[in-house]
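Architecture at a glance
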Amino acid sequence: MTCRELIRRTAEQFSAAGIPDPVNDAALLLSDLTGISPLSLRLDEDTVLDYRVVEAYQSYVEQRLQRIPLQYILGEAPFFGRLFRVDSRVLIPRPETELLCEWALEVLRNHPLPRILDLCCGSGCIGITLKAEKPDAFVTCSDLSPDALSLASENAARLGVDVAFCRTDLLDGFATSGFDLIISNPPYIPSAVCADLQPEVKQEPLLALDGGPDGLSLYRRIIPDALTTLVHGGILMMELGQGEDAGVEELLLEHSFINVEIREDLSGIRRMILARKP
Ligand code: GLN
């Protein structure tokens, strides 16, 4: 069977199983095994695949049919121009979060030697990216999940980036006035919605998704604690769930944060918020 035919048949299976992007996924999985670009594979009428490749491909296809996310099968996900290892221990980095990093780098541009905390670091994508893009920063990544921390430290080592890791329950136990920037993509999906997520998202750790009854539980803990953990003039930046901007802005103002700014993601959703400690 040619590559083109194999991809066509697999895409049909994927499509029948309700997988959103069948041709893309079928081609990417084969590309991972052959090292040939997905587009070339889709056009390829000549290459005869080794049976070992076909067998390995069948195992990938089976996993995808179980709605295991493509990134977990491949074991990696791109983020801000780098590849991060991912598996079911961590949330898969999303493009929205790249925008949060971009904004943070803008804010840090004229700030030498900033001390940064990536809270709820998961794969470590935010903290590792900030350190790689701004090498004079001191970056700490923290998470409640020991599994996430072990994968995040593997990512830092593979990418050759020097950041510190610690296991904490949000900001519990951090010293007063320790950070110039606290940045976080906390779990923010309302608990009831978690039951109805896309099958792929349901394979991601619930701890990384569930934001409590109204989605705001973690912001309610982070915001008051950030007030003690940040230096004066320090900045708190967080990613937001859809429709959560007003609630989180109110919490920030209640706790006397100032200069609140909100930015949209590429779909026009008010996705991230920044505020300054007076
Ligand atoms: N910081 C990680 C990310 O943005 C993990 C976030 C999380 O687990 N909620 O992908």
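These notes cover the structure that comes with them. This structure is a prediction, so every number in the text was calculated from the model and none was measured. (Residues numbered from 1 in each chain as written. Predicted model: local features only at pLDDT ≥ 70, side-chain atom pairs only at ≥ 80, totals over all residues. Heavy atoms only, no water.)

Turning to the nonpolar core, a few remarks are in order. Counting 30 residues, the largest nonpolar core has Ile 182, Tyr 219, Ile 223, Leu 236 and Val 248 as the members making the most contacts within it. For this core, the secondary structure elements donating two or more residues are strand E3 (115–119), strand E6 (179–184), helix H10 (217–229), strand E7 (230–239), helix H11 (245–254) and strand E9 (270–276). Ranked by the residues each element gives to this core, the list is headed by H10, at 5 residues. Once residues lying within four places of it in the same chain are set aside, the contact partners of Leu 236 are Ile 182, Ile 222, Ile 223, Ala 226, Leu 230, Leu 252, Phe 257, Ile 273, Leu 274 and Ala 275. (Core = buried A, V, L, I, M, F, W, Y, C linked by side-chain atoms within 4.5 Å. Buried < 20%, exposed > 50% of the residue type's maximum accessible area, 1.4 Å probe, protein only. Helix = DSSP H or I, 4+ residues; strand = E, 2+ residues; numbered from the N terminus. Contact = heavy atoms within 4.5 Å.)

Time to look at the site of the ligand. Around the ligand sit Leu 91, Pro 93, Thr 97, Cys 120, Cys 121, Gly 122, Cys 125, Ile 126, Asn 185, Pro 186, Pro 187 and Ala 208, and those are all the residues in its vicinity. For the ligand, a nitrogen atom lies 3.2 Å from a polar atom in the backbone of Cys 121. With respect to the ligand, the backbone of Ala 208 contributes an N or O atom lying 3.1 Å from a nitrogen atom. When the residues that make up the shell around the ligand are grouped by side-chain class, the tally is 9 nonpolar, 3 polar and no charged. (Near = heavy atom within 4 Å. Polar contact = N/O pair within 3.5 Å; in protein donor to acceptor, adjacent residues only side chain to side chain. Nonpolar A, V, L, I, M, F, W, Y, C, P; charged D, E, K, R; others polar.)

This paragraph deals with the environment of Asn 24. Along the chain, the position of Asn 24 falls in helix H2 (residues 22–34). Of the residues examined, Asn 24 reaches a relative accessible area of 32% and is grouped as partly exposed. Put simply, Asn 24 and Ile 7 are 17 residues apart on the chain and 9.1 Å apart in space, counted from C-alpha to C-alpha.

A few words on H11. Think of an α-helix as 3.6 residues a turn; residues three or four steps apart then line up on the same face. What H11 keeps buried is the set Asp 245, Val 248, Leu 251 and Leu 252. Down the axis of H11, the sector holding all buried residues measures 130 degrees, keeping them to one side. In H11, the exposed positions that point more than 90 degrees away from the buried face belong to Glu 250 and Glu 254. Where H11 is buried, its residues meet H10, E7, strand E8 (258–264) and E9. Ser 256 lies just past H11 and shows a positive phi near 65 degrees. (Arc of directions from axis to C-beta.)

A few words on the sheet that holds E9. Neighbouring strands of a sheet are bound in pairs by backbone hydrogen bonds; such pairs are parallel or else antiparallel. The strand order across the open sheet built from 7 strands is E5-E4-E3-E6-E7-E9-E8, with neighbouring strands paired in mixed fashion. One side of each edge strand has no neighbouring strand; the edge strands of this open sheet are strand E5 (164–167) and E8. Within this sheet the neighbouring strands show an average axis-to-axis angle of 15 degrees, counted without direction. The sheet contact formed by E3 and strand E4 (residues 138–143) spans 5 bridges and is parallel. If you follow Leu 119 over to E4, its bridge partner there is Ser 142. (Pairing = 2+ DSSP bridges. Axes fitted to C-alpha atoms, helices over the stretch in contact; angles between N-to-C directions.)

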